[in-house]
Structures are given as C-alpha cells and as structure tokens.
Amino acid sequence: MKEWTGKSLFFKVFACFLAVMVLFSLVWTIALSLFKQTMIRERERESQAALFHASERFDGHLERIESFLFELSENPDLVGFDRQLSTRPADEIDYLPARGVIRSLQSYVYQPQNALLAVIVHFRSASLALSHKGSADARLLFDRLYASPDYSFDDWRSRLSGGRNFELLPAGTFVVDGRTRTALPVVFRQPASNYQMIALLDMEKIDEETVGLAEPGEWIVMARDGTELYRSGSLTAAAPPRMETGQGIARRAGNHYIYKKNAAGLTYVFVVPSSWMTKGAGSLSRLLLLILAGALAIGLSAAYAVSERIRKPVKNLLATVLSLQPAPPPGGSFKEFGVIHEKVNDLLGEKARISEQLRSRDSALKSYGYLNRLKNIPGDALEWRELPARDPGFIVALFTVRFGSPGAAELPEEARGLAVRRLLARLRDHVAGRFPSAHTFQIESDRVVTVFAGGEREAVVSHLRALKEPLDREAHVRSVTIAIGDRFEHPSEFGPAYEQVQKLSLQAPLSEETQIVDRPAAAPVFGLSPKQDRALSAHLQDGNADGACRLLDGHVDRMARGGAGVGTYAELARLLLAKIRTLEPSPSEDADDSRLEAFGEAFARCRTAEQFKEVCREAVRYSAERVRGGREEADPVAGLVMNILETRYSQDLSLGYLADLLNMSSAYLSVYIKEKTGANFSEHLNSIRVRKAQELLVSTDKNINDISAEVGYSNFTSFNRMFKKQTGMTPGEYRKRQIAQIHRIG
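How each quantity is defined
Residues numbered from 1 in each chain as written. Predicted model: local features only at pLDDT ≥ 70, side-chain atom pairs only at ≥ 80, totals over all residues. Heavy atoms only, no water. Helix = DSSP H or I, 4+ residues; strand = E, 2+ residues; numbered from the N terminus. Buried < 20%, exposed > 50% of the residue type's maximum accessible area, 1.4 Å probe, protein only. Contact = heavy atoms within 4.5 Å. Polar contact = N/O pair within 3.5 Å; in protein donor to acceptor, adjacent residues only side chain to side chain. Axes fitted to C-alpha atoms, helices over the stretch in contact; angles between N-to-C directions. Parallel < 35°, antiparallel > 145°, perpendicular 65-115°, else oblique. Left-handed = near helix turned anticlockwise from the far one by under 90°. Nonpolar A, V, L, I, M, F, W, Y, C, P; charged D, E, K, R; others polar. pLDDT = per-residue confidence, 0-100. Expected span 1.5 Å × (residues − 1). Core = buried A, V, L, I, M, F, W, Y, C linked by side-chain atoms within 4.5 Å.

A. Layout of the overall build of the protein. Tallying secondary structure elements over the protein gives 28 helices and 17 strands in all. When each of the 746 residues of the protein is scored for burial, the buried share is 43%. Excluding contacts between residues fewer than 6 apart, the proportion of contacts in the protein whose partners are at least 24 apart in sequence is 62%.

Rendered as structure tokens:
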C-alpha cells in the first residue's frame, strides 16, 4: 500500500496544488481580513466622531432658534398686536407694534451664524403674516415670497390648529428671491395663541458650515417617530434600518449607517459606502497577488516536474486509444498506467463486440424501446420496428383529459380509469381505418398519445377534428384537449415532438367542450403586474377577502377575454396558493396543508373561467379567516388596536391617544404594533381609510371631498396624496375606472 501511494499520480499532483491553495488561503485570509477589519473599525470611529460633532452643532442651531422663538412669543409688541387682531375690527387696528416685531425678526435673521432664510409670524384671524422683509397677506407670502411645492398656504393654515409647541417638519424646497433653496421648517406655537412662528433653516448653509461631510456619503436627520426630516449627500441610500439604542452602527446593502440620537428624540445618521470604508486596501491586495503569483510559480514548477515523468506513458496510452488497437504496456514509474492500459484493452474488445451487435439492430427499435422502458409503457416491438421502414416521418397528437368540476364530487379513480380506457378504444377505432400504421397508447393517467407514422399533417388535423362532435357528447363526464404537433422526420426526435404537444395543450382555453390546438398561439402575457401582485399580497396579509376577490375576478375576466390557456390559469393558481401558504397561521393550529392541496385539486378540475373564479374566492376567504383568526389569537393588544382602527377610523385617532388608552408609552406601542402586525400605526390607519374610501367611491355617488372627511381626512390634499400613493391613481380616476369596468362586465 505504501508503494502504491508513493507512486500515485493523484497523490503527487493533488499534494502540489493543495500546498499552493493552503498558502494562498492562509496569506489572503489572515492578512487581508485583519487589514480590512482594522481599517473599517478606524473609519467607523472617525465617522462616529464626525457625526457627534455635527449633531452637537446642529442641536446648537435648533436650541438657539427655539430660544429665539420662545422669546419672540413673549414680545410685548407681538402679544399686543395679536390681541388687536383678535378683538378689534380691521379699521381700528394699530399696526405700529408690528413694526417692532419686524425689527426683531430682522436683527435675528440677518445674523449669518443663525443660517436662516426667514422667520415668519402667521396670524390666524386676519390671515396676515410678518417676516423680516415686512408684512403681507399670508397667502401672498406663502405662495409667492416663500413659494414651495412641498408646503402650500393651505398646509400652513391647517397647522395653525396644531397642539405641539415646538415641531420640526421635513425639509422642502423654497423659492426665495428667485433662488431655489432647501430649508427645514421649525414651527413654534403657544397653546392659547392666535398665531404660529415658522423659522426656515437654510440647510445648504448648515451642510457647508455645520456638517461638512469629509467622505462620500449622506447626512440624514430623522424625527422621533422615524420620519425623515432632511437628507443630503452623494448617495441615494434606502431608508436607514431602525436602531433601538441611542448610538450604533448598522451595515445594510453595501452601506454603513452611523447613528446618534439626542435627548430631544432626533436621530442623526451618516450613511457611508462600505467601499469607502475599505478604500486603500488595494496596495495590500497587490502585495498578496505577488505572493500568490510566487506560490503558483512554485506549484506549476512542481506540476511540470511531475508531468514530465508521466508524459511518455500518457503518449503511449493516447496512441492506443486513437488507433483503437491493443498495444503493449506503456511503461513509466506510475503503477496506475499499467491498470489503465489493461482496462483500455478490455474496453476496446467490448466496444468491438457491442458495435457488431448494434449493426444488427434497427435504430428506431432501439429509440422507441428505450422510451417505452423509461415511461413504463407496454409496446409492440415489431410495430415500432416497422414504423421507419414504411415512412420515417411521424406526427404526435396528445389527448389531455379533464374530469368533473370544482363543485361536483370527484370521480373515483376506477371511474376515471374506465373513462380513459374508453377514450383510448374510441381513438384506436377512429384512427385505425384512415391511418393503419398509427400507434395509440396511454402515457399518463390522464393523457393519451397517438403517433401517426407517415401521412400529411393536414390530413391528420382534418381527421382528428371529426372527433370533436362525438367527444362533446360526453362533456358532462370529462372534456378533452387535442394538441397536434408538427411533422418530424426521425424517430430520435420523439422527445422534442412530445414536448411540443405538451406546450400546445397548455394554450387551450378553459372550456367544457373539446378543444383542438394545432398551432402555437401568440397569446399576450396575462401575469399579474407588479402593482397587482403587491396589492394582492397586501389584501391577503390584511385578511381583506373582498379586495382580493375583486382583484382576482377582474384579472380572470381579462384572461378569459384574451383567450388565456390552461397553463396560464394553472400559473395563477400556483401563485395564489403560494401566497396563502406563506401567511402566518393561527398559533393554535398548524397550516392546513391538506386544505391547500384540496384547493389545488379543485383548480385542476376547473373547466370554465367562472369555476376558476369561484375556487379563487373560496381560497381567499379561507386565507382571510386564517389571517384574522391568527391575529386575534396571537395577541389581544394588537387585536384591540386593529379593532379600534377598523371601527373608529373616521375619528381623529393618534398613536398617543391609543397609548394613553392602553397605559403604554407611544414609542413602545409603535414598536409593539410593528412587531405584531408587520406594519406601523400610520400604515394601518391609512390603509383602512383608503380601503373604506374605495368602497364609498364605487358604491355611492357622494362628493370626493365628503368621502375624504367621512373616512377621517380633514385635509383633502393629504387624502388625495395618500390615495394615489396606495392605489397608483387619484380618487376621481379610481371611480371612473371601476364604474367603467362594472359596465363592461355587466
């Protein structure tokens, strides 16, 4: 054994290359890993320090602004002027105190270190606004002097009734003095006041003087509830992953997210590309490549030395194989060559014997005989042997049988077998007179194949069309799809021919009559669009059976009108059952796989589009019951929250109100709802309101503004924006499209 191992070709070659691979792995893994990890940790510390200083400077800006706004709210001129606006007629108001307020605004705004575009005092009663540039009508000031596509006059007016003292709003673009600037609105309101103060923080100046990103990345400011207030930088990163602690680092999708949370609840994030974290590792990589090249050179030298020792024996063996003649032993120092030489001589002798046997056999008999053995089909060997002798060309026809319907009792296996055997006998009788050389046999429990040897395809198609009327007389028991393929010239092409008729059979539309498919159809794609797929998933996850049924009914109707084949219906059924299977079952019971299998069998028995739609509805209703049952049993708190949202969605609900009702903190309840239901409070509330609005738009003729108020939106612009975000269209477009579809179906 020792001698064999020492002379083994495998052992020597494998040992050489194994040494090279081990050397490569050790050098590359240890050196590069240590270097990269050290570099990443150092740059993470640098980014954390930069984020800390940037957030401290930004917090200082906000504190100064808050302090100024608070002092301004107690300014006697502002308080007195506000009292006049609230109590006196317009012609008796003394506007002199307003000039004092404007001077205070000017003295603060014109200080460069404050980085302000403007400070605006917006009064409710007189629709008047003061800024450092003077006084103006509030609508004129917000729509002209400080115009913004993100904040209209109506938006600012709606915020006059807000209850929070100090609030940061998401940054928006403002046109100031003909220039488009990015500003972060800071709003301050006293609880009993008749005005609000709005400071527009110049974020471009903040970026230059306060943040100053030293590396490629993004700077993000987020509110306490996770709302993104501001973002700047060279990346387009996705929303940062949620962090539970005040500070931390997360790595997602090729980016590093550096977090810092202040005492007021603001979260600051630096988003840095992971590629920047490892920048500079190229020099080490080049050094490692040089080491690898040296290791490979050593390995190749060893391999070359070994190959020289085996070159002569291999050359002798190759000459033996090419000449196909037995040869003397090749010689050499490797014992394996002697064994290989002996086996090659044995194989050459076996090859000669097999070649002699194959020459005496017919190629068609061999091809079809192997096919019969693979499919476990009894066949007549003499019949197959004679097929190519008469005419090498052949045509394949596939008969696919569908039994029963989803609502009817399933036929017993014996009855189905008897029906297929009767069909087999009918086909043989029908074909035998016109095509005596045709061969008909059962290839699956529900499939019968006829192979027409010779003959023209037009004659075969015409002959099989005559079967439609007698087969339709038994349509109450089963329906048959006849797929007729092209003419193939050699028996070895039976596999491609059978695949062709399989694909043709899937193009037949659902029908209770006999279908004949003899040409591939250039049918359109009937798959769900990405928006429909997301909507269907959302309906199933919410347990919204009505919404899912409407979506599926409309899609199946389009498929039926477009002549979709059974393969398309089967794909839709598989997609629906796969989505239902992935939904979380009730904690008290496992997912009922047998029920889903029953739905799959019901889909397979569908012979009309209406039957298919009914099975879809049953499956969706079953899924909705599971989802609702799972949520109710899984967590009573989440169930209570969802019940309140479903029944009181039209009221002015807030997370704080629910938290007080359940004796929880708002932050904890927000995280709790997200973990238990997969969506946060605002997503649930907006989804329910939009769904209720969809029902009212279709079932009533109410004004859209009235529907907006009825489902809980006090601002029509917010309703319109949220409706379009969730459905992809405005409420008016949705109403027109649904009514038009109802008329088409009706």
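B. Representation of the environment of lysine 133 within the structure. Turning to its location among the elements, lysine 133 is positioned in the loop between strand E2 (128–131) and strand E3 (134–137). By relative accessible area, which is 45% here, lysine 133 ends up partly exposed. For the pair formed by lysine 133 and glutamine 106, sequence separation is 27 residues and the distance between their alpha carbons is 7.5 Å. Once you skip the residues sitting within four places of it in the chain, lysine 133 turns out to touch Tyr146, Val176 and Asp177. Among the polar contacts listed, one links the side chain of lysine 133 to the side chain of aspartate 177, at a separation of 2.6 Å.

C. A look at the packing of helix H3 (residues 76–87) against helix H4 (residues 96–109). Here H3 crosses H4 at 140 degrees, and the two axes come no closer than 8 Å. Classified by the interaxial angle, the pair formed by H3 and H4 is oblique. Seen from above, H3 lies across H4 with left-handed handedness. Between H3 and H4, the residues in contact are Asp77, Leu78, Phe81 and Gln84 and Pro97, Ala98, Gly100 and Val101, respectively. Looking at the contact of H3 with H4 residue by residue, the class counts come to 5 nonpolar, 2 polar and 1 charged.

D. Looking closely at the confidence of the model for the protein. Across the protein, the average pLDDT comes to 77, with 76% of residues at 70 or higher. Looking at the elements of the protein, mean pLDDT is at its lowest for helix H11 (residues 363–375), recorded as 42, and at its highest for helix H26 (residues 704–710), recorded as 92. Confidence over residues 373–391 falls short of pLDDT 50; this stretch has 28 contacts with residues more than four positions distant or in other chains. Here residues 586–591 is modelled with pLDDT under 50, and outside its nearest four sequence neighbours on either side it reaches 10 contacts, counting other chains as well.

E. Inspection of unusual backbone geometry at higher detail. Positive phi values are uncommon outside glycine, yet alanine 115 reaches one of about 50 degrees. Among the secondary structure elements, alanine 115 is positioned in the loop between H4 and strand E1 (116–123). At aspartate 177, a position not held by glycine, the phi torsion is positive, near 55 degrees. Tracing the backbone shows aspartate 177 in the loop between strand E5 (172–176) and strand E6 (179–188). Classification of aspartate 177 as exposed rests on a relative accessible area of 62%.

F. Up close: the packing of helix H22 (residues 636–647) against helix H25 (residues 681–699). Running from N to C, H22 and H25 cross one another at 35 degrees; their axes reach a closest spacing of 9 Å. Crossing angle aside, the handedness with which H22 passes H25 is right-handed. Where H22 approaches H25, its residues Met642, Leu645 and Glu646 are matched on the opposing element by Phe681, His684, Leu685, Ile688, Arg691 and Lys692. Among the residues forming the contact of H22 with H25, the class breakdown is 5 nonpolar, 1 polar and 3 charged.

G. Structural detail: H4. Here H4 contains 14 residues, and its C-alpha end-to-end distance of 21 Å stays within 8% of the 20 Å for a straight helix at 1.5 Å per residue. Among the residues of H4, Pro97, Ala98, Gly100, Val101, Ile102, Leu105, Tyr108 and Val109 are the ones counted as buried.

H. Examining the nonpolar core more closely. In terms of nonpolar packing, the biggest core is built from 46 residues, with Phe58, Leu69, Val121, Phe123, Leu201 and Trp219 touching the most fellow members. For this core, the element with the highest residue contribution is helix H2 (residues 9–73), accounting for 8 residues. Leu551, Val556, Phe603 and Val620 belong to the second-largest nonpolar core, a separate cluster that totals 33 residues.

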